[in-house]
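# Topology and contacts: notes
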Amino acid sequence: RNTMFMDAVGSDSNYRAILEYLQMDPPDMLVCDLDDHRLFRPNFYIALDRRLESVVLAIRGTMSFRDTLTD
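Here we summarise the structure given alongside this text. (Residues numbered from 1 in each chain as written. Predicted model: local features only at pLDDT ≥ 70, side-chain atom pairs only at ≥ 80, totals over all residues. Heavy atoms only, no water.)

## Thoughts on the layout of surface pockets
Of the voids in this model, the largest pocket is the one considered here, and its volume is about 230 Å³. Lining the largest pocket are L22, Q23, M24, D25, D28, Y45, A47, L48, D49, R50, R51 and V56. Per-element accounting of the lining of the largest pocket gives the leading share, four residues, to strand β2 (residues 44–49). Here the residues of the lining of the largest pocket sort into six nonpolar, one polar and five charged. What the second largest pocket holds in volume is close to 170 Å³. For the second largest pocket, the full set of lining residues is N14, I18, L34, D36, N43, F44, Y45, A58, I59, R60 and M63. Put simply, the parts of the chain that give the lining of the second largest pocket at least two residues each are α2 (13–21), β2 and β3 (54–59). Of the residues in the lining of the second largest pocket, the class split is seven nonpolar, two polar and two charged. (1 Å grid on protein atoms, 1.4 Å probe; cavity = no way out; pocket = protein on both sides within 12 Å on 5 of 7 lines; lining within 4 Å. Points joined across faces, edges and corners; volume = space filled by probe spheres on them. Helix = DSSP H or I, 4+ residues; strand = E, 2+ residues; numbered from the N terminus. Nonpolar A, V, L, I, M, F, W, Y, C, P; charged D, E, K, R; others polar.)

Rendered as structure tokens:
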């Protein structure tokens, strides 16, 4: 149980959640910047979608006051 808890709060938990939710292989995640503590820099990732033969740029929406300032 301890490892499950650490996975949920670990520094790369958002990264792993994206991989799991999208059923993506780790090498297909080209860039992943999910640092919530930087101002004026949105959270985003760039990944390969092999099924659609595309490159995906995903930018997280507004979730906090910092995000409002970035917007």
